[in-house]
Amino acid sequence: MRPTAAPFRILTVCTGNICRSPMAERLLQAGLDSVAPGEFEVTSAGTGALVGSGIEPHVAGFVNIFGGDSAGFAARQLSAEILEGQDLVLAMTRAHRSRIVDLAPALLRRTFTLRELARLLPLVDADPDAPAAERWQTAMARALRLRSAHPAGPEEDDVVDPYRRSDDVYQQMVRELTPAVGELLAWERRYR
């Protein structure tokens, strides 16, 4: 473990904060804790949160199956205060990304969609001796430059919202979200 002064703070954002963003939060936190205990703090919020609600039951099952912990979760509304101090913000869609930047313009260079960063991060090399926070800050700057060189459409960057939809849509969400989380975790493991 590489000690840091404070954990690298990651916020995941969707709409209701009961499906996509809590799943990304809990899977990222579990995966990062397994390779770098105490070096990352992952939380989530929603642009139209069902404040105080737990993770939607279907999604809670997926979180548990994929190695996360769905217990003790309460949805919260995205605010400028929550965005303050975040090192990286991962939106579930481009629309969420726009909302985040509207609320906190200073986060423009630290806000990506989850799938966008997962697509760009494997193209980025970092200093293996750098502390995690420094490595991720450098990676975000490089990924930002790659964004225009490797453009994609919403179908490649967005994670579908499954709330109150068919089981097929929940499965689609899993197929879009879990590989993206896996790419971020694989990138961090490269430097351990």
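It should be noted that the structure appears before, not after, this text.
Quick caveat, the model's predicted, so the values are computed rather than measured.

Peer 1: Looking at this structure, I do not really get the environment of Thr 138. What am I missing?
Peer 2: In this fold, Thr 138 is placed in helix H6 (residues 132-149). Distance from Thr 138 to Leu 114, taken between C-alpha atoms, is 17 Å for residues 24 residues apart in sequence.

Peer 1: Whenever I open this one, the sheet that holds strand E2 (residues 40-46) confuses me. Can you help?
Peer 2: Strand pairing in a sheet takes place through backbone hydrogen bonds and is either antiparallel or parallel in direction. Pairing within the open sheet is parallel, and its four strands lie in the order E2-E1-E3-E4. Of all the strands in the sheet, the pair left with one neighbour each is E2 and strand E4 (111-113). Shown here is a sheet whose adjacent strand axes are inclined to one another by a mean of 25 degrees, direction ignored. Of the strand pairs in this sheet, strand E1 (residues 8-14) and E2 are connected by seven bridges, and their pairing is parallel. Directly across from Cys 14, in E2, lies its bridge partner Gly 46.

Peer 1: What exactly am I supposed to notice about the pairing of strand E3 (residues 88-91) here?
Peer 2: Residues Leu 88 and Leu 90 point to one face of E3 and Val 89 and Ala 91 to the other, with burial holding for every one of them. Looking at chain direction, E1 and E3 are connected through four bridges and run parallel. The partner of Thr 12 across the bridge, within E3, is Leu 90. In terms of strand pairing, E3 meets E4 through three bridges, oriented parallel. Across the sheet, residue Val 89 finds its bridge partner in E4, namely Thr 111. Crossover E3 to E4 through helix H4 (residues 94-103) is right-handed.

Scoring rules and cut-offs
Residues numbered from 1 in each chain as written. Predicted model: local features only at pLDDT ≥ 70, side-chain atom pairs only at ≥ 80, totals over all residues. Heavy atoms only, no water. Helix = DSSP H or I, 4+ residues; strand = E, 2+ residues; numbered from the N terminus. Pairing = 2+ DSSP bridges. Axes fitted to C-alpha atoms, helices over the stretch in contact; angles between N-to-C directions. Buried < 20%, exposed > 50% of the residue type's maximum accessible area, 1.4 Å probe, protein only. Right-handed = clockwise from strand over helix to strand, strands pointing away.

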